[in-house]
Amino acid sequence: MGLVGSLFSFIVFLSCLIAVCGQGTRIGFYSTTCPNAETIVRTTVTSHFGSDPKIAPGLLRMHFHDCFVQGCDGSVLISGPNTERTAGANFNLRGFEVIDDAKTQLEAACPGVVSCADILTLAARDSIALTRGQSWQVPTGRRDGRVSLATNVNNLPSPSDSLDVQRRKFAAFGLNTRDLVALVGGHTIGTAACGFFTNRIFNTTGNSADPTMDQTFVPELQRLCPLNGDASTRVDLDFGSGNSFDTSFFNNLSRGRGILQSDQVLWTNPSTRTIVQEFMASRDNFNAQFARSMVKMSNIGVRTGANGEIRRVCSAVN
């Protein structure tokens with residue numbers, strides 16, 4: 001494996017150890033029970049990505065929304081009245097058909113073995129690799145949760161959150177400030193609806209914009225998101241490089257071109273600006289930290305043994 005590989009494996013192990021509820025997962029969990037599990041997930045994600053590249057940020061976002069609500073238990077995948085999928089913050093989640101497709105294939109190959117929670121975690125990792133980010137080894141062994149309630153979707157970070165609020169929400173799950181900056185860096189792919197940031201490019205007295213924004217950038221955003229226009233129109237969060245997992249997102253923050261207020265504060269606040277500058281200067285550092293932070297996040301609230309199940313279909317409990 002070599003010194004670098006051994007060191008990374010140790011860091012991953014240490015991250016799992018200190019994550020709030022990461023007991024029970026390990027790399028290669030399905031190596032004997034379903035040896036092609038990761039290949040099947042990766043092939044499925046790749047196939048859907050070929051038809052619709054926007055599926056990559058969709059799967060990453062879905063994984064995030066799953067883990068921040070009752071832990072990474074696949075509960076966001078359950079459909080029906082009053083489930084997590086019906087909560088306002090989850091209205092625009094996408095990629096459910098990718099998970100369902102992978103699950104169908106896995107049930108044919110290894111019935112009752114691979115959890116939906118693990119499929120979602122693996123699919124998020126594969127989405128990063130497909131958008132030219134760095135892949136990583138994913139500890140697996142999660143079981144699926146049996147409860148999915150819209151009322152539990154109350155702690156997801158908001159586009160208007162201050163840095164202190166974001167820190168508090170991440171710290172509740174054992175994620176520190178470096179994890180926060182790295183994971184928010186996932187916005188290097190994906191989009192936001194105009195309705196989430198029009199308050200930054202128009203204020204109640206006219207066309208004045210948020211002074212923390214690059215004022216030469218404002219007219220472009222106003223053209224894409226006109227006042228009283230369609231609030232559901234979507235704009236790349238990493239303007240100019242929205243389909244590639246790179247450090248352009250952090251460069252944009254340094255230029256006052258963060259789309260969301262919650263993103264831009266990572267630059268305007270000195271305590272996180274240094275981390276943004278580090279990631280701007282080194283794509284390798286960003287990729288490595290993103291991988292470590294994703295492993296930590298994916299071990300939040302993991303269910304094992306009798307505390308969960310292996311769903312036959314991802315959209316319903318057994």
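In this convention, every chain numbers its residues from 1, walking through the sequence in written order. Side-chain atom pairs in this predicted model are given and counted only at pLDDT of 80 or more, local residue features only at pLDDT of at least 70, and totals for whole chains, interfaces and linings cover all residues. To get the side-chain values, take all heavy atoms of the structure and skip hydrogens and water.

- The name given to the protein chain in an unreviewed UniProt entry is Peroxidase, with the source organism recorded as Brassica carinata.
- UniProt positions are given in the numbering used here, feature names are shortened, and annotations may be inferred rather than shown by experiment. In the Catalytic activity (unreviewed entry) part of its UniProt record, the protein chain is described as follows: "2 a phenolic donor + H2O2 = 2 a phenolic radical donor + 2 H2O".
- If you open the UniProt record of the protein chain and go to Subcellular location (unreviewed entry), you find "Secreted".

1. A word on helix α2 (residues 37–51)
Stage number 1. Here α2 is 15 residues long and its end C-alpha atoms lie 22 Å apart, about the 21 Å a rise of 1.5 Å per residue gives.
Stage number 2. Type-normalised accessible area, obtained with a 1.4 Å probe on protein chains alone, sets the label of each residue: buried when under 20%, exposed when over 50%, and partly exposed for intermediate values. Each helix is a run of H or I in the DSSP string that is no shorter than four residues. Each strand is a run of E no shorter than two, and both are numbered from the N terminus. When α2 is considered as a whole, its buried residues turn out to be A37, I40, V41, T44, V45 and F49. Angular distribution of buried residues about the axis of α2 spans 165 degrees; they occupy a single face of the element.
Stage number 3. Any two residues having at least one pair of non-hydrogen atoms within 4.5 Å are treated as being in contact. Those residues of α2 that are buried lie in contact with α3 (55–67), α4 (96–109) and α5 (116–130). Each residue after the first adds 1.5 Å to the expected span of a helix. The reported arc concerns the directions from the helix axis to the C-beta atoms and nothing else.

2. A short note on the UniProt feature "binding site: heme b" (unreviewed entry) in the protein chain
Stage number 1. Here, the residues flagged by UniProt with the feature "binding site: heme b" (unreviewed entry) are H187.
Stage number 2. With respect to the secondary-structure elements, H187 resides in the loop between α7 (177–184) and β1 (191–193).
Stage number 3. H187 sits in the partly exposed class, given a relative accessible area of 25%.
Stage number 4. H187 has contacts with L237, D238, F249, L260 and D263, leaving out every residue within four places of it along the chain.

3. Side note on the environment of L60
Stage number 1. Structurally, the position occupied by L60 is in helix α3.
Stage number 2. Placed 61 residues apart in sequence, L60 and T121 show a C-alpha to C-alpha distance of 8.5 Å.
Stage number 3. When near neighbours in sequence (up to four residues on either side) are disregarded, L60 contacts A124, I128, G186, I189, F290 and M294.

4. Brief notes about the packing of aromatic side chains
Stage number 1. Classification of ring pairs rests on two measures: the distance between centres of Phe, Tyr or Trp rings, Trp counted by its six-membered ring, which must be within 6.5 Å, and the angle between planes, read as stacked under 30 degrees, edge-to-face over 60 and tilted in between. Enumeration over the complete set of coordinates arrives at 14 aromatic pairs.
Stage number 2. Aromatic rings pair up to connect W136, F245, F249, F250, F279, F286 and F290 into one cluster.
Stage number 3. Comment: the charge-over-ring label is applied if NZ (Lys) or CZ (Arg) is within 6 Å of the ring centre and within 35 degrees of the ring normal. Residue placement shows R85 over the ring face of F96; its charged tip is 3.6 Å from the ring centre.
Stage number 4. One Lys or Arg, R273, reaches over the ring of W267 and ends 5.4 Å from the middle of that ring.

5. Remarks on the confidence of the model for the protein chain
Stage number 1. Summing up the model confidence of the protein chain, the mean pLDDT is 92 and the portion of residues at 70 or higher is 92%.
Stage number 2. pLDDT is a per-residue confidence score from the predictor, ranging from 0 to 100. Note on residues 1–22: pLDDT is under 50 here. Beyond four places in sequence and across chains, it has 27 contacts.

6. Remarks on the state of the cysteines
Stage number 1. Any cysteine sulfur atom paired with another within 2.5 Å is treated as part of a disulfide. Counted by the stated rule, this structure contains four disulfides.
Stage number 2. Shown here is the disulfide that connects C34 with C110, its sulfur atoms set 2.1 Å apart. Between C34 and C110 the disulfide shows an S-S torsion of about 75 degrees. By sign, it is right-handed. Here C34, found in the loop between α1 (2–18) and α2, pairs with C110, found in the loop between α4 and α5; they are 76 residues apart in sequence, far enough to count as distant. One exposure class covers both C34 and C110, and it is buried.
Stage number 3. The residue that forms a disulfide with C67 is C72, at a sulfur-sulfur distance of 2.0 Å. On the S-S bond that ties C67 to C72, the torsion sits near 120 degrees, and the link is right-handed. Note on accessibility: C67 and C72 belong to one class, buried.
Stage number 4. In the protein chain, the cysteines engaged in disulfides, taken in order along the sequence, are linked 1-4, 2-3, 5-8, 6-7.

7. Let's talk about the pattern of salt bridges
Stage number 1. Think of a salt bridge as a Lys or Arg side-chain nitrogen and an Asp or Glu carboxyl oxygen that are within 4 Å of each other. Enumeration according to the criterion identifies 15 salt bridges in this entry.
Stage number 2. The partner of R303 in a salt bridge is D73, and the shortest N-O contact between them spans 3.2 Å. Of this pair, R303 sits in the segment after α13 (283–297) while D73 is found in the loop between α3 and α4, placing the two residues 230 residues apart along the sequence. One exposure class covers both R303 and D73, and it is buried.
Stage number 3. Across the salt bridge formed by K169 and D161, the nearest N and O atoms sit 2.9 Å from each other.

8. Re helix α11 (residues 261–268)
Stage number 1. Burial runs high along α11: six of the eight residues are buried.
Stage number 2. When we look at burial in α11, the residues that qualify are S262, D263, Q264, V265, L266 and W267.
Stage number 3. The inward-facing, buried residues of α11 contact α6 (163–171), α7, α8 (198–201), α10 (248–254) and α12 (270–281).

9. Notes on the packing of α2 against α4
Stage number 1. Axes, fitted as lines to C-alpha atoms, cover a helix only where it is in contact. Angles between the N-to-C directions of the axes lie from 0 to 180 degrees. At a minimum axis distance of 9 Å, the contact between α2 and α4 shows a crossing angle of 145 degrees. Taken as a pair, α2 and α4 cross one another with a handedness that is right-handed. Of the residues in α4, those touching α2 at A37, I40, V41, T44, V45 and H48 are E97, V98, D101, A102, Q105, L106 and A109.
Stage number 2. Broken down by class, the residue content of the contact of α2 with α4 amounts to eight nonpolar, three polar and two charged. By convention, the crossing between two helices is left-handed when the near helix turns anticlockwise from the far helix through less than a right angle, and right-handed when the turn is clockwise. Three classes are used: nonpolar for Ala, Val, Leu, Ile, Met, Phe, Trp, Tyr, Cys and Pro, charged for Asp, Glu, Lys and Arg, and polar for all others, with Gly counted as polar.

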